[in-house]
Amino acid sequence: MAAVTLGPEGTYSHRAAGAIADDEEIDFRQSVTAIVDAVAGGEYDRGVIPIENSIEGSVTESLDAIADYDVAVVREIVTPIRHALLAQGPTFETIASHSQALAQCRSYLDREYPDATLEAVASTAQGVEFARDDAAVAGIGHPANAGGDLEVLAEDIQDQDSNATRFFAIAPAEERSKGGGKTSLVVYPNANYPGLLLELLEPFADRDINLTRVESRPSGQRLGDYVFHIDFEAGLYESRTNEAIAELEDLAEKGWVRRLGSYDTEHVVE
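Residues numbered from 1 in each chain as written. Predicted model: local features only at pLDDT ≥ 70, side-chain atom pairs only at ≥ 80, totals over all residues. Heavy atoms only, no water.

Student: Looking at this structure, how should I read the overall build of the chain?
Tutor: Summing up its helical and strand segments, the chain has eight helices and 15 strands in all. At 20 Å, the chain has a C-alpha radius of gyration in line with the 18 Å of a compact globule built from 270 residues. Expressed along its principal axes, the backbone C-alpha trace of the chain runs to roughly 60 × 40 × 30 Å. The contacts in the chain between residues at least 6 apart in sequence include a share of 74% that link residues at least 24 apart. Summed over its atoms, the accessible surface of the chain is roughly 12100 Å², and 44% of this surface lies on carbon and sulfur atoms. (Helix = DSSP H or I, 4+ residues; strand = E, 2+ residues; numbered from the N terminus. Rg over C-alpha atoms; globule rule 2.2 N^0.38 Å. Contact = heavy atoms within 4.5 Å. Areas by Shrake-Rupley, 256 points an atom, 1.4 Å probe, with all protein chains shown as cover.)

Student: In this structure, what is going on with the packing of helix 7 (residues 196-205) against helix 8 (residues 239-251)? I would like to understand it.
Tutor: In a pair of packed helices, the angle between the axes and the distance between the axes together describe the arrangement. Contact geometry for helix 7 and helix 8: axes closest at 8 Å, N-to-C directions at 165°. The pairing of helix 7 with helix 8 is recorded here as roughly antiparallel in orientation. In the crossing of helix 7 with helix 8, the sense of the turn from one axis to the other is right-handed. Listed contacts from helix 8 to Glu199, Leu200, Pro203 and Phe204 of helix 7 are Ala244, Glu247, Leu248 and Leu251. For the contact of helix 7 with helix 8, the class distribution of residues is six nonpolar, no polar and two charged. (Axes fitted to C-alpha atoms, helices over the stretch in contact; angles between N-to-C directions. Parallel < 35°, antiparallel > 145°, perpendicular 65-115°, else oblique. Left-handed = near helix turned anticlockwise from the far one by under 90°. Nonpolar A, V, L, I, M, F, W, Y, C, P; charged D, E, K, R; others polar.)

Student: Teacher, can you tell me more about the nonpolar core here?
Tutor: For soluble globular proteins, the rule of thumb is that nonpolar side chains tend to be buried together. Core analysis: the biggest nonpolar cluster contains 22 residues, and Val32, Val36, Ile49, Ile66, Val73, Phe168 and Ile170 have the highest contact counts within it. Those elements giving two or more residues to this core turn out to be strand 1 (3-6), helix 2 (32-40), strand 3 (46-53), helix 3 (60-68), strand 5 (71-80), strand 11 (164-172), strand 12 (182-188) and strand 15 (256-267). With five residues, helix 2 is the single largest residue contributor to this core. Residue assignment places this core across two domains, with domain 1 (1-80 + 164-171) and domain 3 (185-258) each supplying three or more. Other than its neighbours up to four places away in sequence, Val36 contacts Ile49, Ala65, Tyr69, Val71 and Ile170. (Core = buried A, V, L, I, M, F, W, Y, C linked by side-chain atoms within 4.5 Å. Buried < 20%, exposed > 50% of the residue type's maximum accessible area, 1.4 Å probe, protein only. Domains from an automatic or database assignment.)

Student: Any chance you could explain the UniProt feature "domain: Prephenate dehydratase" (unreviewed entry) in the chain here in plain terms?
Tutor: The UniProt feature table records "domain: Prephenate dehydratase" (unreviewed entry) at residues 2-172. Helix makes up 27% of residues 2-172 and strand 36%. Its end C-alpha atoms lie 12 Å apart. (UniProt positions renumbered as here; feature names shortened; annotations may be inferred.)

Student: I'm lost on helix 8 in this one. Help?
Tutor: Since there are 3.6 residues in each turn of an α-helix, residues three or four apart along the chain are aligned in direction. Under the 1.5 Å per step criterion, the end-to-end length of helix 8 is 19 Å for 13 residues, consistent within 8% with the ideal 18 Å. The set of residues buried in helix 8 consists of Thr241, Ala244, Ile245 and Leu248. For helix 8, the angular spread of buried residues about the axis comes to 100°, placing them on one side. Exposed side of helix 8, more than 90 degrees from the buried face: Ser239 and Asp250 are the residues found there. The inward-facing, buried residues of helix 8 contact strand 12, helix 7, strand 14 (226-232) and strand 15. (Expected span 1.5 Å × (residues − 1). Arc of directions from axis to C-beta.)

Student: Where do I start with the environment of Arg82 in this structure?
Tutor: Along the chain, the position of Arg82 falls in the loop between strand 5 and strand 6 (84-87). Sequence separation of Arg82 and Ala144 is 62 residues, and the distance between their C-alpha atoms is 9.9 Å. Within polar-contact distance, the side chain of Arg82 engages the side chain of Glu155 at 2.8 Å. At 3.2 Å, the side chain of Arg82 and the side chain of Asp156 are in polar contact. (Polar contact = N/O pair within 3.5 Å; in protein donor to acceptor, adjacent residues only side chain to side chain.)

Student: Looking at this structure, how should I read helix 7?
Tutor: Within helix 7 the residues assigned to the buried category are Leu196, Leu200, Pro203 and Phe204. Here the buried residues of helix 7 occupy an arc of 110° about the axis, which is enough to place them on one side. The outward face of helix 7, more than 90 degrees from its buried face, is lined by the exposed residues Leu198 and Ala205. Buried residues along helix 7 sit in contact with strand 12, strand 13 (211-218), strand 14 and helix 8.

Here it is in structure tokens:
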């Protein structure tokens, strides 16, 4: 099964992708949008994209991409985030990593390296590669990325021990499934009036469906106009789910409701 995720090799996305494909079947892109575009176009069987971190929240590029492209979500992969500080030696001027990794280690970096320049790059693995090429740069990434000239200066530097990231495994739209314990929707009401959000949520509460995430993103159509991302604990095969979605579609008659699919969750421990 050919899969694509954020590169280069050694990213947390790469580690999550190992749950659905062998290493030799995994290719890389430098942006989430490029991954979703490649899967929507049938270039790859699967894509793995980060959706939400337990400390820093949702990955907005991922939310926007799955709203803009017609793809299916076929699995949720949850992996713990173990950040380490990697460098050629204890003296460096810059710490390079993904913006979310820098934010997840904010307290440690402020305390231990207040004078270091923080540089946001495309991925944790790219920051590690910069550190491998330049002794004046340190990277933040999984400790397994050390080796060669790079040593682990400190492990588990994330601010919260419970730090974990959810990834979506996406597939071409025709592989959308009704089976699974969770479901994701994207809802564009194309409306704005008092009580709209309450009306969008009531169909789930009325049927005892637990919402695990509700997020709004600008629609790009006009200021104050939003697309809503909704995750909940029920499958599309259930009658209560279809009844709730039917109500949503009535509320969003001027817009649309997209079923991303139902799926199960897999935990990747290491």
